[in-house]
Amino acid sequence: MGSSTVRSLDREPAALAMRIGVVAAEAALATFARNLDVDDLEDGVDFQGVIGPAEWPVFSLVIDTLAEAGPGDRRSLDERRADALNDLARICMAAKNRGAA
C-alpha cells in the first residue's frame, strides 16, 4: 500500500472493527429475543441453558464484554448481565437510528 493510496473512512480498521461489533451486538440481541420466554424472566435467566450451542460463542462474548465488572463494582453477575442486556438494546437501537439517518 503506497502513500498515495487513500482509504475511505468506512474502510479504516477502527471503523471496520466498530461495524463488526455492531453486527455481533445485533446478532446477540436477536439470539436473546428469539430464545427467551419473557415469562421466565421473573425466575432469573440461565443464558447458557436457553441459548443454543451454535449461537452461544457470539452471545456470551458480547454479554460478558458488556457485563465486565469495573473497579469497585459490587453488583452481582446477574445484575451486571441485566444491565448488559439494556446496554445491548441501546447499542442496537443507536446503530439502527444512525443507519436510518
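Preceding this section is the structure that the text describes.
First, a word on scope: everything that follows refers to the structure included in this document.

Analysis parameters
- Residues numbered from 1 in each chain as written.
- Predicted model: local features only at pLDDT ≥ 70, side-chain atom pairs only at ≥ 80, totals over all residues.
- Heavy atoms only, no water.
- Helix = DSSP H or I, 4+ residues; strand = E, 2+ residues; numbered from the N terminus.
- Contact = heavy atoms within 4.5 Å.
- Axes fitted to C-alpha atoms, helices over the stretch in contact; angles between N-to-C directions.
- Parallel < 35°, antiparallel > 145°, perpendicular 65-115°, else oblique.
- Nonpolar A, V, L, I, M, F, W, Y, C, P; charged D, E, K, R; others polar.
- Phe/Tyr/Trp six-rings, centres within 6.5 Å; stacked < 30°, edge-to-face > 60°.
- Buried < 20%, exposed > 50% of the residue type's maximum accessible area, 1.4 Å probe, protein only.
- Salt bridge = Lys/Arg side-chain N within 4 Å of Asp/Glu carboxyl O.

1. Focus: the environment of F32
Within the secondary structure, F32 sits in helix 1 (residues 13-35). In sequence terms F32 and V50 are 18 residues apart; their C-alpha atoms lie 8.5 Å from each other. Leaving out residues up to four positions away in the same chain, F32 has contacts with F47, I51, F59 and L85.

2. Structural notes on the packing of helix 1 against helix 3 (residues 56-66)
For any two helices packed against each other, the geometry comes down to the angle between their axes and how far apart the axes lie. Interhelical geometry of helix 1 versus helix 3 gives an angle of 110° and a closest axis separation of 9 Å. In terms of orientation, helix 1 and helix 3 fall into the roughly perpendicular class. Side by side, helix 1 and helix 3 meet where A24, A25, A27, A28 and F32 of the first sit next to V58, F59 and V62 of the second. Here the contact of helix 1 with helix 3 is composed, by residue class, of 8 nonpolar, no polar and no charged.

3. Quick word on the packing of aromatic side chains
By the definition in use, this model includes 2 aromatic pairs. The interplanar angle of 5° and the centroid separation of 6.4 Å between the aromatic rings of F32 and F59 together place this pair among those described as stacked. Taken together, the positions of F32 in helix 1 and F59 in helix 3 put the pair 27 residues apart, joining distant regions of the chain. The residues F32 and F59 share a single accessibility class, namely buried. With centroids separated by 5.9 Å and ring planes inclined at 40°, the aromatic side chains of W56 and F59 adopt a geometry described as tilted. Taken as a pair, W56 and F59 lie in helix 3 at a separation of 3 residues, close to a single helical turn. In terms of burial, W56 and F59 fall into one category: buried.

4. What about the pattern of salt bridges?
Under the defined criterion, the tally for this structure stands at 4 salt bridges. A salt bridge links D87 to R90; the shortest N-O distance between them is 2.8 Å. Taken together, the residues D87 and R90, both in helix 4 (residues 77-100) and 3 residues apart, mark about one turn of the helix. Exposure remark for D87: the relative accessible area of 23% places this residue in the partly exposed category. We classify R90 as exposed; its relative accessible area is 55%. Via salt bridges that share partners, D73, R75 and D83 belong to a single interconnected network.

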